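# Descriptive structure summary
Each chain is listed here by its residues.
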Amino acid sequence: MSFRGSCHCGKVAYTVDEDPPTEAMACNCSICRRKGALHHFTTPERFRLETSRGDIRTYEFNKHVVRHHFCTTCGCAPFAEGTGPGGQAMVEINLRCAEGIDLEALKVKPFDGASL
Ligand SMILES: [Zn+2]
């Protein structure tokens, strides 16, 4: 099974080739607390961007290990790309932008990104 996600206007949309997650991670770092994202992490192999990268802008800061993407039209940030702790490529899915997921039912695990 797979699930989809998108920005508000639809110019950034993707499919993730795995079952919809039942857990999410909430991070308290300087950018996550502002965006309010509920994170799910997947691999580039399971992530299919269905729209043009031309509709994406990217924000990086600090160590530049995460490419924080957002839609140039509506400003939503439905996914990000980066490098995991083991050096592997990873994709962050913002579950608030995913379809068919009951956000209230997600088991949300806090992550203390502010202390990193
Ligand atoms: Zn948009």
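What you see is a predicted model; the values in this text were computed from it and never measured. (Residues numbered from 1 in each chain as written. Predicted model: local features only at pLDDT ≥ 70, side-chain atom pairs only at ≥ 80, totals over all residues. Heavy atoms only, no water.)

### Quick word on the coordination of the zinc ion
- Around the zinc ion, the protein contributes the donor atoms Cys7 (SG), Cys9 (SG), Cys71 (SG) and Cys74 (SG), at 2.2 to 2.4 Å from the metal centre.
- Here the zinc ion is ringed by 4 donor atoms whose angles at the metal span 103 to 119 degrees, and the overall shape comes out tetrahedral.
- The sequence pattern describing where the donors of the zinc ion fall on their chain is C-x1-C-x61-C-x2-C. Here the residue Cys9 occupies a position in the loop between β1 (3-6) and β2 (13-16), and Cys74 occupies one in the loop between β7 (66-71) and β8 (79-83), the gap between them amounting to 65 residues.
- Using a relative accessible area of 28% as the deciding quantity, one classes Cys74 as partly exposed. (Donors = N, O, S within 2.8 Å, 3.2 Å for Na, K, Ca; no water. Tetrahedral: all angles 85-135°; square planar, octahedral: opposite > 155°, others 65-115°. Helix = DSSP H or I, 4+ residues; strand = E, 2+ residues; numbered from the N terminus. Buried < 20%, exposed > 50% of the residue type's maximum accessible area, 1.4 Å probe, protein only.)

### Here we look at the environment of Val12
- In this structure, Val12 sits in the loop between β1 and β2.
- Val12 sits in the buried class, given a relative accessible area of 1%.
- Beyond its immediate sequence surroundings of up to four residues, Val12 is in contact with Gly5, Ser6, Cys7, Leu49, Thr51, Asp55, Ile56, Cys71, Pro78 and Phe79. (Contact = heavy atoms within 4.5 Å.)

### Some details on the nonpolar core
- Counting residues in hydrophobic clusters, the biggest one holds 18 residues, and the most contacted among them are Phe3, Tyr14, Phe47, Phe79, Ile93 and Leu95.
- Of all the secondary-structure elements, those providing two or more residues to this core are β2 and β9 (89-94).
- The contacts of Phe47, once residues within four sequence positions are left out, are Tyr14, Thr15, Val16, Thr42, Phe79, Val91 and Ile93.
- The next biggest cluster of nonpolar side chains, apart from the first, holds 5 residues, and it includes Met25, Cys29, Ile31 and Cys32. (Core = buried A, V, L, I, M, F, W, Y, C linked by side-chain atoms within 4.5 Å.)

### Section: the packing of aromatic side chains
- Summed over the entire model, instances satisfying the criterion amount to 4 aromatic pairs.
- Measuring from ring centre to ring centre gives 5.2 Å for Tyr14 and Phe47, while their planes differ by 45 degrees; the resulting arrangement is tilted. Residue Tyr14 is located in strand β2, and its partner Phe47 is located in strand β5 (residues 47-49); the two are separated by 33 residues in the primary sequence. Grouping residues by exposure puts Tyr14 and Phe47 together as buried.
- Plain terms: the ring middles of Tyr59 and Phe61 are 5.7 Å apart, the flat faces sit at 20 degrees to each other, and that makes the pair stacked.
- According to the relative accessible area criterion, Tyr59 is partly exposed, its value standing at 44%.
- Residue classification places Phe61 among the partly exposed positions, given a relative accessible area of 27%.
- Site record: aromatic cluster; members linked through ring pairs are Tyr14, Phe47 and Phe79. (Phe/Tyr/Trp six-rings, centres within 6.5 Å; stacked < 30°, edge-to-face > 60°.)

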